[in-house]
Amino acid sequence: MTDAGQEITIRALGEPGDLGWVVMAHGEIYAREFGWDSTFEALVARIVADYSDHHDPAREAAWIAEQGGRRVGCVFCVAGDHGDAKLRILLVDPSARGHGLGGRLVDECVSFARDRGYGSIRLWTNHPLAAARRVYLSRGFRLVDEQPHHSFGVDLIGQTYRLQLRST
């Protein structure tokens, strides 16, 4: 439950408006909180479009979190290279933060990847996303690479995290 008394639920992505909301929410929130430009929204749009056009339901899934009938979060699990899974576009709306929703969404993604037999799951993020990083580290993800880059109109340090799901 949240302070407003409305439970946050997580459901499979698939209702009309879900895909557009994911793109819009990322664009608006990241611009407001980090000053990122529309190239980030375009990246999210490409990820969402690729998922919509090509995802394999047996190996990939996405979830939407809702509170009081309003979308407040999302995460995607897609097939990566070399038999691993990729956690993509995790987002928690500011109105739903502080209640463990980010962790719940990551857990959903990791559980799905484990159940589908992936050996590991990885993700790419950027250094300003401290709250997400805390969630990843608390779930056992390990930082495996960092690279400075200029993207989305700002200087960033890209970070790749990996979680081993089964022994090699």
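Use the structure listed above.
Right, let's walk through the structure included here. Because the structure is a prediction, the values reported are computed rather than measured. (Residues numbered from 1 in each chain as written. Predicted model: local features only at pLDDT ≥ 70, side-chain atom pairs only at ≥ 80, totals over all residues. Heavy atoms only, no water.)

A word on helix H2 (residues 38–54)
Each full turn of the α-helix corresponds to 3.6 residues, which orients residues three or four apart in the same direction. Test applied: In this description a helix means any DSSP run of H or I spanning at least four residues, a strand means any run of E spanning at least two, and both kinds are numbered starting from the N terminus. Any helix carries an expected span of 1.5 Å times its number of residues minus one. Relative accessibility under 20% of the residue-type maximum defines a buried residue, over 50% an exposed one, and the middle range a partly exposed one, all with a 1.4 Å probe and only protein chains included. In this context, the arc is that of the directions from the helix axis out to the C-beta atoms. Throughout, a residue-residue contact means that at least one pair of heavy atoms, one from each residue, lies within 4.5 Å.
The end-to-end C-alpha separation of H2 is 24 Å, in line with the 24 Å expected for 17 residues at 1.5 Å each. Every buried residue belonging to H2 is among Phe40, Val44, Ile47, Val48 and Tyr51, and all of these are buried. Seen along its axis, H2 keeps its buried residues to an arc of 95°; they face one direction. Looking at H2, the residues exposed on the side facing more than 90 degrees away from the buried face are Ser38, Asp53 and His54. In this fold, the buried residues of H2 make contact with helix H1 (18–34), strand E2 (61–67), strand E3 (70–79) and strand E4 (85–92).

Looking at the packing of H1 against H2
Threshold: The convention used is that axes are lines fitted to C-alpha atoms, helices contributing only their stretch in contact, and that angles between N-to-C directions extend from 0 to 180 degrees. To sort the angles, those under 35 degrees are grouped as roughly parallel, those over 145 as roughly antiparallel, those from 65 to 115 as roughly perpendicular, and the leftovers as oblique. Crossings are assigned a handedness: left-handed for a near helix turned anticlockwise from the far helix by less than a right angle, right-handed for a clockwise turn. Under this grouping Gly is polar, as are all residues other than the nonpolar Ala, Val, Leu, Ile, Met, Phe, Trp, Tyr, Cys and Pro and the charged Asp, Glu, Lys and Arg.
At a minimum axis distance of 9 Å, the contact between H1 and H2 shows a crossing angle of 160°. By the angle between their axes, H1 is roughly antiparallel relative to H2. Crossing geometry of H1 relative to H2 is assigned as right-handed. Together, Leu19, Val22, Val23, Met24, His26, Gly27 and Tyr30 of H1 and Phe40, Glu41, Val44, Ala45, Val48 and Ser52 of H2 make up the contact between the two elements. Residues of the contact of H1 with H2, tallied by class, amount to nine nonpolar, three polar and one charged.

Some words on the state of the cysteines
This is how it is decided: To count as a disulfide, a pair of cysteine sulfur atoms needs to be within 2.5 Å.
Tallied over the full model, the rule gives zero disulfides. For the unlinked cysteine cysteine 77, the closest cysteine sulfur is that of cysteine 109, found at 3.8 Å. On the basis of relative accessibility, which here comes to 0%, the residue cysteine 77 falls in the buried class.

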